[in-house]
Amino acid sequence: MKNQVVAEIFNTIADLLDVKGEVFFKTRAYRMAAQTIVTLDEDIEKIANQGRLQTIPGVGAALAEKIKEIVTTGKLKYLERLKKEIPAGVLDLLSIQGLGPRKVAALYKNRGITSIAALKQAASSGQLRDLEGFGEITERNILRGIQLLEKTSGRVLLHVAYEDGMRYLTYLKKCKHITHLSIAGSLRRMKETIGDVDILASSTQPVKVMEVFVSYPEVTSVLAKGTTKSSVLLNDNLQVDLRVVEEKSYGAALQYFTGSKEHNVTLRGIAIRKGYKLNEYGLFEKKTDKYVTGKTEGDIYKKIGFSYIEPELRENRGEFEAAEKKRLPTLVGYDDIRGDFHVHSLWSDGSDSVETLAQAAQQKGYSFIGITDHSQSLRIANGLTEEDIQKKLKEIERLNKKLPDIRILCGTECDIKTDGTLDYPNKVLKQFDFVYIAVHTSFKMEREAMTKRIIRGMTNEYVDFVAHPTGRLISKRDPYDVDLQQLIDAAQEHNVRLEINAFPDRLDLDDTAAKLAKDHGVGFVLGTDSHNSNHMEFMRYGVATARRGWLEKKDILNTYSLSQIEKILGA
Ligand SMILES: [Zn+2]
Ligand SMILES: [Zn+2]
């Protein structure tokens, strides 16, 4: 599908126009269209060939022309022209936290900065503080942003690697020479960012398997091709490694290549103490080198004295102690989720109607969906006035009658103002089936004030959940400066559930914070923060984060039956 290509070109155009200083609505049109196109189920090329481009929301005649040019030629003259005006490295600067198009334009026009390296040099030698709109604090923030970026560079968000990996697996499954096949590495552990994708297969015909592996249509270059290991680069620059092993080593290799390194070092140490030797080929008796087992991971863990440890737990964060005492959590399953609490509709900044969203939820087999539009003061996201809310409540009441197989819950994602009061009065809040509160403004408050702000929000009797509790955006924005332990204690005290936001660049709370909160008796909700119906797929990454945080079904409200949920929320 060329949807990704079209979306990327449109996003680049929007970035370039932003840096050029074009009007907001022009760049927004490109961004909105890109967002819609990338989440379309249908191939954009097919839509173009059938002359239906203008049926896509946000695509008018001009954009349709451009899409046609892209799908037929793979390029866009307009983009080439724009690129000639602004050097390539300038756009890289936009990936730094806190650097918007206006500042990037200033850096380029007034200081001739065209790369992150040049910017780092200029900021660390104090050359930017006298630039208009900059200052010492901006300099510091820029350096901090570059640091953040360096930490995750070369890595992609979990969902990108997951989708690539799953497509590759589907392709490889057709190869009849493969007996067993699995994702390994950090992707199998569902870490929030992934360096490269590891795939493991067992086969008696490794050479033939390698031939199939490198012939995958999305491969742009073959980095290495051997008889047991090959590496390729996909068209989105993600590296994928395949290892092929013998059947009797498959479990040992899967364990070995799944990691984490820390988990494996500990496991090997324990194995040695028990008289074994563990490596990627199997578990062996230390004295005689005799093969003990290796076909499955379960056999290996069992022989060493543990119950099976799920991949998401393999981070050496207490899983061995828990396994030894038979106290490993029964992790929430990917299929245990009965609904989504955090979905935006056309009422605020979403791009689908409540009805479309409800139908999509029903198709996923959900029993409920929570529609959470923004509150009134968040104008940029088209927050709802009290009058809008009455209309929305009526619409949802009508739809609940029309669609009896899915319960639509009318929620809100209500802003917490800087003083900790909420964006709606209680008489409005109490009309919702449930209330999320969230910080969307003044991210830079001092730690104490920010902590007080959120906790004060939680004390309101109508509040049920806190959305994206730390506000971080992976590789783009640090969490707000907030005392997490105090938030957790307050959540426990006021019986407010903390969200694990499943949107791929949020995953907030993250795994370690979720575990900490669970250990302090806090309950959770999962929400995708969907802005169109396709985003609801992101639930998987919320569940993954919950699993990495040791959460069980009972910890997560989304796994409860609808009647239990209605009772708990008083909905
Ligand atoms: Zn939000
Ligand atoms: Zn939201």
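Residues numbered from 1 in each chain as written. Chains lettered and ligands numbered in written order. Predicted model: local features only at pLDDT ≥ 70, side-chain atom pairs only at ≥ 80, totals over all residues. Heavy atoms only, no water.

1. As for the pairing of strand E7 (residues 239–245)
Residues in a regular strand project their side chains so that they alternate between the two faces of the sheet. Burial within E7 is extensive, with six of its seven residues counted as buried. Judged from the six bridges that link them, strand E4 (residues 197–203) and E7 form a sheet pairing that is parallel. Residue pairing for E7: Ile 199 is matched across the bridge by Leu 242. Bridge count for strand E6 (residues 229–234) against E7 is five bridges, and the pairing is antiparallel. Within the sheet, the bridge partner assigned to Ser 230 lies in E7 and is Leu 242. As consecutive antiparallel partners, E6 and E7 are separated by four residues, and within that stretch Asn 237 has a phi angle of approximately 75°, a positive value. (Buried < 20%, exposed > 50% of the residue type's maximum accessible area, 1.4 Å probe, protein only. Helix = DSSP H or I, 4+ residues; strand = E, 2+ residues; numbered from the N terminus. Pairing = 2+ DSSP bridges.)

2. Here's the deal with the coordination of the zinc ion (ligand 1)
Protein coordination of the zinc ion (ligand 1) is provided by Glu 413 (OE), His 440 (NE2) and His 468 (NE2), with donor distances spanning 2.0 to 2.1 Å. Binding-site remark: the zinc ion (ligand 1) is held by donors from one chain whose sequence spacing is E-x26-H-x27-H. The metal-metal distance between the zinc ion (ligand 1) and the zinc ion (ligand 2) comes to 3.4 Å, with Glu 413 coordinating both. Of this pair, His 440 sits in the loop between strand E14 (434–438) and helix H20 (447–458) while His 468 sits in the loop between strand E15 (465–466) and helix H21 (484–494), and the two are 28 residues apart along the sequence. (Donors = N, O, S within 2.8 Å, 3.2 Å for Na, K, Ca; no water.)

3. Topic: the coordination of the zinc ion (ligand 2)
Coordination of the zinc ion (ligand 2) by the protein is provided by His 342 (NE2), His 344 (NE2), Glu 413 (OE) and Asp 529 (OD), with metal-donor distances spanning 2.1 Å. Considered as a linear motif, the donors of the zinc ion (ligand 2) on their single chain read H-x1-H-x68-E-x115-D.

4. Observations concerning the pattern of salt bridges
Taken as a whole and judged by the stated rule, the model has 42 salt bridges. The residue Lys 26 makes a salt bridge to Glu 22 at a minimum N-O spacing of 3.9 Å. Connected via shared salt-bridge partners are Arg 189, Glu 315, Arg 317, Asp 511 and Arg 548. (Salt bridge = Lys/Arg side-chain N within 4 Å of Asp/Glu carboxyl O.)

5. Focus: the domain arrangement of the protein
Per the domain assignment, the segments making up the protein are domain 1 (3–152), domain 2 (156–245), domain 3 (250–324) and domain 4 (339–569). The straight-line distance from the C-alpha centre of domain 1 to that of domain 3 is 47 Å. (Domains from an automatic or database assignment.)

6. A closer look at the side chain of Arg 407
Relative to the helices and strands, Arg 407 resides in strand E13 (residues 407–415). Not counting residues within four places of it along the chain, the set of residues in contact with Arg 407 comprises Ser 367, Phe 368, Ile 369, Asn 400, Asp 433, Leu 562, Glu 566 and Ala 571. (Contact = heavy atoms within 4.5 Å.)

7. What to know about unusual backbone geometry
For residues other than glycine, phi is negative in most cases, and the peptide bonds are mostly trans. The omega angle of the peptide bond from Gly 259 to Ser 260 is -5°, so this bond is cis rather than trans. Mapped onto the elements, Ser 260 comes out in the loop between helix H13 (250–258) and helix H14 (261–273). Here the bond from Asp 508 into Leu 509 is cis, since omega is 5°, no more than 30 degrees from zero. Summarising the element assignment, Leu 509 is placed in the loop between strand E16 (497–501) and helix H22 (511–519). Of note, His 468 is a non-glycine position whose phi angle comes to about 25°, a positive value. A positive phi angle, near 65°, is found at Ser 475, a position not held by glycine. Position of Ser 475 among the secondary structure elements: in the loop between E15 and H21.

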